[in-house]
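Chain and residue survey
The primary structure of each chain is shown beneath.
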Amino acid sequence: MTEFSQLDAHDGRILAELQQDARISMAELGRRVHLSQPAVTERVRKLEASGVIRGYGVRLDYARLGYGIRAIIRVGRAEYARVVRLIEETPEVLNAYNVTGEDSWVLEIAVIDVSHLDAVVTGFCLLAETSTCIVLNAPREHAQVLPARRDSIKPPIRKVTGH
């Protein structure tokens, strides 16, 4: 596995470009990051082999596919294996996160309408207490991620008190 500290500026630019357009040709990618096509191809291959790049995919417009509602379901404590099994059996689940805190799971789902939402939520209600929020809009999705750097972390804001 490649450590993020081993990634250089070229790797960061390659990752940025691929996150913008994963279908870009290696020749065009090389031009954009100022490397030859063979050099950029080798770097992409290494990023894939190391697991930094885990795959390529498409971003879908769920509404255009007939899914009028996206929602977040918070699922309380329940038997882990039962929740995982239900997630795997529920194609409406887009993303599932096992989390810390009051809830055990946070699920993102896409459904056709309110009755479809009710049917999906009911399945999870049978396992644990749930809380559901409908997504109204998503001003930020699929944000670009670059290699982590400690020097880019902003210091916390110091609170000014009257003392």
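Residues numbered from 1 in each chain as written. Predicted model: local features only at pLDDT ≥ 70, side-chain atom pairs only at ≥ 80, totals over all residues. Heavy atoms only, no water.

**Comments concerning helix H3 (residues 37-49)**
Taking 1.5 Å as the rise per residue, H3 with 13 residues should run 18 Å; its terminal C-alpha atoms sit 18 Å apart, in good agreement. For H3, the set of buried residues is Val40, Val44 and Leu47. All buried residues of H3 fall inside an arc of 60° around its axis, so they share one side. Among the exposed residues of H3, those oriented more than 90 degrees off its buried face are Pro38 and Ala49. Looking at the buried positions of H3, the neighbouring elements they touch are helix H1 (9-20) and helix H2 (26-33). With a side-chain oxygen lying 3.1 Å from the backbone nitrogen of Ala39, the N-terminal cap of H3 falls on Ser36. Within two residues after H3, Gly51 carries a phi angle of roughly 90°, on the positive side. (Helix = DSSP H or I, 4+ residues; strand = E, 2+ residues; numbered from the N terminus. Expected span 1.5 Å × (residues − 1). Buried < 20%, exposed > 50% of the residue type's maximum accessible area, 1.4 Å probe, protein only. Arc of directions from axis to C-beta. Contact = heavy atoms within 4.5 Å. Polar contact = N/O pair within 3.5 Å; in protein donor to acceptor, adjacent residues only side chain to side chain.)

**A few points about the pairing of strand E2 (residues 93-98)**
Note: E2 against strand E3 (residues 105-111), 5 bridges, orientation antiparallel. Pairing of Tyr97 across the sheet is with Val106, part of E3. (Pairing = 2+ DSSP bridges.)

**A word on the side chain of Glu92**
Within the fold, Glu92 resides in the loop between helix H4 (80-89) and E2. Although buried, Glu92 forms no salt bridge, and the nearest oppositely charged side chain, Arg70, lies 14 Å from it. Separated by 2.8 Å, the side chains of Glu92 and His116 make a polar contact. Excluding anything up to four places from it in sequence, Glu92 contacts Glu108, Ile109, Ala110, Val111, His116 and Val120. (Lys, Arg positive; Asp, Glu negative; His and termini not counted. Salt bridge = Lys/Arg side-chain N within 4 Å of Asp/Glu carboxyl O.)

**Points about the packing of H1 against H2**
In the contact formed by H1 and H2, the axes pass within 10 Å of each other and the chain directions differ by 130°. In terms of axis orientation, H1 runs oblique to H2. Once H1 is placed against H2, the crossing between them reads as right-handed. Between H1 and H2, the residues in contact are His10, Arg13, Ile14, Glu17 and Leu18 and Leu29, Arg32 and Val33, respectively. Broken down by class, the residue content of the contact of H1 with H2 amounts to 4 nonpolar, 1 polar and 3 charged. (Axes fitted to C-alpha atoms, helices over the stretch in contact; angles between N-to-C directions. Parallel < 35°, antiparallel > 145°, perpendicular 65-115°, else oblique. Left-handed = near helix turned anticlockwise from the far one by under 90°. Nonpolar A, V, L, I, M, F, W, Y, C, P; charged D, E, K, R; others polar.)

**Looking at the sheet that holds E2**
A sheet is described by the order of its strands in space; here 4 strands give the open sequence E2-E3-E1-E4, paired in antiparallel fashion. The open sheet has two edge strands with one neighbour each: E2 and strand E4 (130-134). In this sheet, neighbouring strand axes are inclined to one another by 15° on average, regardless of whether the strands run parallel or antiparallel. Taken together, the 7 bridges between strand E1 (residues 69-75) and E3 define a ladder with antiparallel strand orientation. Bridging from a neighbouring strand, Arg74 pairs with Val106 of E3.

**Some remarks on the nonpolar core**
If you look at the biggest cluster of nonpolar residues, it comprises 18 residues, and the most contacted ones within it are Ile73, Val75, Ile87, Leu107, Ile109 and Phe124. Of all elements in the fold, only E1, H4, E3 and helix H5 (114-125) reach the threshold of two or more residues within this core. Setting aside its immediate chain neighbours within four residues, Phe124 contacts Ile73, Val75, Leu86, Ile87, Thr90, Val93, Leu107 and Thr130. Listed in part, the 12 residues of the second largest apolar core include Val33, Leu35, Val40 and Leu47. (Core = buried A, V, L, I, M, F, W, Y, C linked by side-chain atoms within 4.5 Å.)

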